[in-house]
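Results of the structural survey
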Amino acid sequence: YPFSMEDMLDVKRVGSGISGEVYRMVHNPSSIAIAAKKMLWQHDTWEEQRRVLMDLEVMNSQHSPFIVEYYGSAIVKNEVWVFMELMATCLDRLLKRLKGPIPERIIGKMCVSIVKALDYLKRAHKVIHRDVKPSNILIDVNGNVKLCDFGISGRLVDSKAFTRGAGAAAYMAPERINMSHDSKGYDVRADVWSLGISLVEMATGSAPYKFNEFSSEFDLLTHIVQAPPPLLDEDKFSPNFYDFVAQCLCKDVDERPQYDKLLLHPLIKEYEEKPVDVGEWFSEMCSTHGIP
Ligand code: ADP
Ligand code: MG
């Protein structure tokens, strides 16, 4: 890939998370603004480098309108830089700026994109996302919603569920908590649960499980396993939306639907057809709430 760090201008940090830091930069030769995520090697071994390069290869083969486009990467000393499409912001930041919920009709439209992205990863590439949460759902200036951070970020920093840190625990499916120490058989339906938790957060403006409301991560995880799932208020949302979320949040993984079934759900059917202008809503939010 024709990307080298020397070609990058106007580097500005736009975000930081558990797995790295994200910068906005301009690729000087093409004058295109892009995003770059900086990550660190865990162990600087030859096998690890080979595995990461293979992951980058996988990322290079994902082409979907619902997935953030990958442009290439650069390895500089102990850093891996992943260059990608620049988006306006993520849903986590958007929610923080709104200080309240996203309207149901907007979430319905966003939900179609997210489910199609997850289905695409699984069906076309046998990739399971493993870190579905509002900060990994991005929106561009035109209101297109796309998924990011699959594959590479998981491989680079996290080999066990519990090393992901506080942010990820709140979205973790009950069956993942129960089997967290044997890594076999991660099922796509754990991502469906995380999607359900994310949808509740978008619809209510507040995460159903908040890390700081528990005395430890263990308490939070115990609560997820023991408490009933955090369903929406039936009076405030349409039956389709309520039911979609309830299905995503089936605690029993065997009863939770996979993507083929979710894609046939009346909510998805409804919003595939309904003309809802997410771009118009987003630019209105940008001007009234100062986003990003
Ligand atoms: P996390 O997902 O755990 O919050 P990340 O390091 O993956 O941490 O991302 C940090 C932040 O950078 C995200 O929350 C998002 O707001 C921003 N970001 C990530 N990728 C992009 C991108 N392609 N374009 C614009 N902003 C991005
Ligand atoms: Mg992320």
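All of these numbers come straight from a predicted model, not from anything done at the bench.

Some thoughts on the packing of helix α3 (residues 104-125) against helix α11 (residues 266-273)
Contact geometry for α3 and α11: axes closest at 9 Å, N-to-C directions at 110 degrees. With respect to α11, the axis of α3 lies roughly perpendicular. Touching Gly108, Lys109, Cys111, Val112 and Val115 of α3 are Leu267, Ile268, Glu270, Tyr271 and Glu272, all from α11. Of the residues belonging to the contact of α3 with α11, the class tally is 6 nonpolar, 1 polar and 3 charged.

A word on the environment of Ile102
For Ile102, the position within the fold is in the loop between α2 (91-98) and α3. Residue classification places Ile102 among the buried positions, given that 23 C-beta atoms sit within 10 Å. Linking Ile102 and Pro208, residues 106 residues apart in sequence, is a C-alpha distance of 15 Å. When sequence neighbours within four positions are dropped, the list of residues in contact with Ile102 reads Ile107 and Met202.

Structural notes on the UniProt feature "binding site: ATP" (unreviewed entry) in the protein
Look at the UniProt record and you will see "binding site: ATP" (unreviewed entry) annotated at Lys38. Apart from residues no more than four positions distant in its own chain, Lys38 is found in contact with Gly20, Glu21, Tyr23, Glu79 and Trp81.

Quick word on the sheet that holds strand β1 (residues 8-16)
Strand order across the open sheet formed by 5 strands is β1-β2-β3-β5-β4, with antiparallel pairing between neighbours. Single-partner strands in this sheet number two, and they are β1 and β4 (70-76). Here the strands of the sheet are splayed against their neighbours by 25 degrees on average, with no regard to which way each runs. In the sheet, strand β2 (residues 21-27) pairs with strand β3 (residues 32-40) via 7 bridges, with the strands oriented antiparallel.

Description of α3
Across its 22 residues, α3 extends 31 Å between first and last C-alpha, which sits within 8% of the 32 Å expected from 1.5 Å per residue. Lys126 sits one or two residues past α3 and shows a positive phi near 55 degrees.

Looking at the site of ligand 1
Lining the immediate surroundings of ligand 1 are 24 residues, of which Gly15, Gly17, Val22, Ala35 and Ser135 lie closest. At the level of secondary structure, the elements contributing two or more residues to the shell around ligand 1 comprise β1, β5 (79-85), β6 (89-90) and α2. Counting residues per element, the shell around ligand 1 draws most heavily on β1, which supplies 3 residues. Among the residues forming the shell around ligand 1, the class breakdown is 11 nonpolar, 9 polar and 4 charged.

A look at the environment of Val76
Mapped onto the elements, Val76 comes out in strand β4. Note: C-alpha distance between Val76 and Gly17 (59 residues apart in sequence) is 20 Å. Apart from residues no more than four positions distant in its own chain, Val76 is found in contact with Met5 and Trp81.

Re the pairing of β5
With 5 of its 7 residues buried, β5 lies for the most part within the structure. Of the strand pairs in this sheet, β3 and β5 are connected by 7 bridges, and their pairing is antiparallel. The partner of Ile34 across the bridge, within β5, is Glu85. Here β4 pairs with β5 via 6 bridges, running antiparallel. Residue Ile75 lies in a different strand from β5, and its bridge partner there is Val80.

A word on helix α9 (residues 239-248)
Those residues of α9 lying buried are Phe241, Phe244, Val245 and Cys248. Each buried residue of α9 lies within a common arc of 95 degrees when the element is viewed along its axis, so the set occupies one face. On its buried side, α9 packs onto α3, α7 (188-204) and α11.

Focus: the sheet that holds β6
Across the sheet, which stays open at both edges, the 3 strands sit in the order β6-β7-β8 with antiparallel pairing between neighbours. Strand pairing shows two members of the sheet lacking a second neighbour, β6 and β8 (145-147), which therefore form its edges. Both β6 and strand β7 (residues 137-139) contribute to a ladder of 2 bridges, which runs antiparallel. Paired with Thr89 across the bridge in β7 is Ile139.

The rules behind the values
Residues numbered from 1 in each chain as written. Chains lettered and ligands numbered in written order. Predicted model: local features only at pLDDT ≥ 70, side-chain atom pairs only at ≥ 80, totals over all residues. Axes fitted to C-alpha atoms, helices over the stretch in contact; angles between N-to-C directions. Helix = DSSP H or I, 4+ residues; strand = E, 2+ residues; numbered from the N terminus. Parallel < 35°, antiparallel > 145°, perpendicular 65-115°, else oblique. Contact = placed C-beta atoms within 7 Å. Nonpolar A, V, L, I, M, F, W, Y, C, P; charged D, E, K, R; others polar. Buried ≥ 20, exposed ≤ 12 C-beta atoms within 10 Å, placed from the backbone. UniProt positions renumbered as here; feature names shortened; annotations may be inferred. Pairing = 2+ DSSP bridges. Expected span 1.5 Å × (residues − 1). Near = placed C-beta within 6 Å. Arc of directions from axis to C-beta.

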